[in-house]
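Single-letter residue listing:
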Amino acid sequence: MRVDPKISVWQGGITSFTNTPSQTTMNVFAIGASRNIGYFAAVRLLNKGATVTFLLRSPSVFDDDQVIQRYVQSGHARLIQGDGLNASDVAKAWELALEGSAHVDLVLFTLGQ
Ligand SMILES: NC(=O)c1ccc[n+]([C@@H]2O[C@H](COP(=O)([O-])OP(=O)(O)OC[C@H]3O[C@@H](n4cnc5c(N)ncnc54)[C@H](OP(=O)(O)O)[C@@H]3O)[C@@H](O)[C@H]2O)c1
């Protein structure tokens, strides 16, 4: 697993992104973003132009989500099935997050219950 030394890790509880630019090309890896904090943070980043790879226990959670589906269609959102507590699932999703990009800029880790 390659980890960029400049990588940012935002732990759950973050409620605002006042220091992010109005537009970004950040490559984001999101664990625990099917709802609540992680979801809204991911959507905010997608709206700013980021690419977000979601590691999800159930990717079907977004089947009826028009916002996420629009970004899936454009290639900015990638939905990967896996368990955030399973090392090989995380490693596999990490490699997919690196596709088309030299590194992951941000790990959005909001895994909860
Ligand atoms: N909400 C608050 O006010 C608050 C305040 C301070 C801190 N926090 C912390 O911030 C974090 C996020 O809280 P939240 O309320 O936004 O989220 P939440 O409602 O607890 O949702 C948890 C997220 O983690 C995912 N998840 C849980 N176990 C997983 C696993 N094994 N593999 C992959 N995904 C898994 C869930 O996905 P599924 O769809 O698969 O269930 C869901 O997306 C938590 O650690 C929480 O303790 C929350």
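Just so you know, these numbers come straight off a predicted model, no measurement behind them.

Caption draft 1: Seen up close, the overall build of the protein. Helix and strand counts for the protein come out as three helices and five strands. Mapped from its N terminus to its C terminus, the protein presents α and β elements in the order β-β-α-β-α-β-α-β. Looking at the protein as a whole, 28% of its 113 residues are labelled buried. Taking contacts inside the protein between residues at least 6 apart in sequence as the whole, the part at least 24 apart equals 69%.

Caption draft 2: Geometry of the pairing of strand 2 (residues 27-31). Strand 2 sits mainly inside the fold: five of its five residues count as buried. The sheet contact formed by strand 2 and strand 3 (residues 51-56) spans five bridges and is parallel. In the strand pairing of strand 3, N27 is matched with T51. As for the winding sense of the linkage, the β-α-β connection from strand 2 through helix 1 (residues 36-47) to strand 3 is right-handed. Pairing between strand 2 and strand 5 (residues 106-109): four bridges, direction parallel. Pairing of I31 across the sheet is with F109, part of strand 5.

The rules we used
- Residues numbered from 1 in each chain as written.
- Predicted model: local features only at pLDDT ≥ 70, side-chain atom pairs only at ≥ 80, totals over all residues.
- Helix = DSSP H or I, 4+ residues; strand = E, 2+ residues; numbered from the N terminus.
- Buried ≥ 20, exposed ≤ 12 C-beta atoms within 10 Å, placed from the backbone.
- Contact = placed C-beta atoms within 7 Å.
- Pairing = 2+ DSSP bridges.
- Right-handed = clockwise from strand over helix to strand, strands pointing away.

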